[in-house]
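# Structure assessment
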Amino acid sequence: MASLNSGAAAQVLKNLGANSDWLEATYQQFHAHPELSFQEHASGDVIAAALSTYGFSVQRLGGTGVVGVLVNGDGAVVMSRADMDALPVSEATGLPYASTVPGVMHACGHDVHMTALLGAAKLMAETQGSWSGSFIVVFQPAEEVGGGARALVDDGLTHKVPRPDVVLGQHVMPLPAGMLATAAGPVLSAADSLRITVHGKGSHGSMPHMSVDPVVLAASIVMKLQTIVSRETKPGEFAVVTVGALNAGSTANIIPDRATLLVNIRSYNDTVRTRVLAAIERIVEGECAAAGSPQPADIELYDQFPLTNNDAAATERISEAFAVHFGSEAVTVATPQTASEDFSVLPNAFGAPYSYWFLGGSDPELFVAAQDNDGATPAVPANHSPLFAPVMNPTLSLGVQAHVVAALSYLDGRMPSRSN
Ligand SMILES: [Zn+2]
Ligand SMILES: [Zn+2]
């Protein structure tokens, strides 16, 4: 196994310090001007212009996405991805560079991701004598709504760039800034949302015998769905089934003719996911039959996020490179998160292995304070909170270094000749 050539990393990162003002200014610009999913026009313009200056060949794909390719001799092809979109959240951090767009905030840290990958692209482009291969940077729109990675693929990504040997990504998390966390296998859950409409027979509220009551039917389905995790899923196996919305009727004295349920599920493997989806369908069909529903339920899947399931070999290679570069005390084993991502749509479209790691971004002092309080839940604002506020230093620097080091664990390993 090729390991990181520390000499190449040192060469690529030698101007990182000189770029710290640029990194902070770039981050503050993204943070102050957040853009919602598929509306990342200004961010895309900034990124595309910068990548062109650095010498990348630039394509605008997937609506507001930006893809840059830097071919630098023979060797591996590495694709690194950053997501771009902000959230419909009103910022409450009070930071001097807080959002200037009412009701929109980079509350998930995608501004950190854009800045870090742009910084890595800049440094890699400036030091092409220190590595060999191809570096592809993908700035992906609309992660939050689960459609951005798919939009890039639907726009022909797999035909428009070289096939990557590995695809890499990172997410800033409420871990102490200065820390990285990575793990092989599932690190983020698969998520699916379902819209289920069950049909009854409407009637006057005083004449239930003339009806098939969809309210009672839907209530029965809600209760029965609770048995999927408690009775059908092996204890210790991860699955979540949540009914997030249940809508029927409009007034007290009318029995409506339909009810709609919005259901969200999470899982760490396809077997569990398939089983849970089949169980939902079976329960809905069974309850509809029991209620005498006049027509089959409509079941529609939407907002689907695939499993993020890190390739073991790629993750071992990158973890080793991180440990060499950052010191083993800065790299921890990631705990699988119940949140979800559409990142893996990209590597899966190429059939390429991938690794996705977590980047600490929170002020380490907050963790000390939380421990002092003996609180079970640390008082550290998490992603999507209006108070989410990664500290710029050392988060941005670490984000750049992580991308460079991870990429070089592939690119450097196949250099035709080494200068050190
Ligand atoms: Zn998010
Ligand atoms: Zn995010």
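Residues numbered from 1 in each chain as written. Chains lettered and ligands numbered in written order. Predicted model: local features only at pLDDT ≥ 70, side-chain atom pairs only at ≥ 80, totals over all residues. Heavy atoms only, no water.

An unreviewed UniProt entry annotates the protein as Amidohydrolase originating from Arthrobacter psychrolactophilus.

## Some remarks on the coordination of the zinc ion (ligand 2)
Only C108 (SG), H110 (NE2) and H171 (NE2) from the protein coordinate the zinc ion (ligand 2), and they sit 2.1 to 2.3 Å from it. Spacing between the donor residues of the zinc ion (ligand 2) along the chain follows C-x1-H-x60-H. In this structure, the zinc ion (ligand 2) lies 3.1 Å away from the zinc ion (ligand 1), the two metals sharing C108 as a donor. Of this pair, C108 sits in the loop between strand 3 (77–83) and helix 4 (110–126) while H171 sits in strand 5 (residues 166–176), and the two are 63 residues apart along the sequence. Using a relative accessible area of 7% as the deciding quantity, one classes C108 as buried. (Donors = N, O, S within 2.8 Å, 3.2 Å for Na, K, Ca; no water. Helix = DSSP H or I, 4+ residues; strand = E, 2+ residues; numbered from the N terminus. Buried < 20%, exposed > 50% of the residue type's maximum accessible area, 1.4 Å probe, protein only.)

## Description of unusual backbone geometry
Between N393 and P394 the backbone carries a cis peptide bond, its omega angle lying at 10°. As for its placement among the helices and strands, P394 is situated in helix 12 (residues 392–411). Here D303, not a glycine, exhibits a phi torsion of approximately 45°, which is positive. In this fold, D303 is placed in strand 13 (residues 298–305). Of the residues examined, D303 reaches a relative accessible area of 41% and is grouped as partly exposed.

## Overview of the pairing of strand 1 (residues 57–61)
Looking at chain direction, strand 1 and strand 2 (residues 65–72) are connected through 5 bridges and run antiparallel. Paired with R60 across the two strands is V66, which belongs to strand 2. In this structure, the hairpin formed by strand 1 and strand 2 is closed by a connection of 3 residues, where G62 is found at a positive phi of approximately 65°. (Pairing = 2+ DSSP bridges.)

## Focus on the domain arrangement of the protein
Under the domain assignment used here, the protein contains domain 1 (6–188 + 307–414) and domain 2 (195–301). Computed from C-alpha atoms alone, the centre-to-centre distance between domain 1 and domain 2 is 39 Å. Each partner contributes to the roughly 470 Å² buried at the junction of domain 1 and domain 2, and carbon and sulfur atoms together form 60% of this total. Of all residues in domain 1, P186, L307 and T338 bury the most surface against domain 2, accounting for 69% of the area lost on that side. Across the contact surface, domain 1 and domain 2 share 4 residue pairs in polar contact (both at pLDDT 80 or more). Classifying every residue of the side of domain 1 that touches domain 2 gives 5 nonpolar, 3 polar and no charged. (Domains from an automatic or database assignment. Buried area = accessible area lost by both parts, 1.4 Å probe. Polar contact = N/O pair within 3.5 Å; in protein donor to acceptor, adjacent residues only side chain to side chain. Nonpolar A, V, L, I, M, F, W, Y, C, P; charged D, E, K, R; others polar.)

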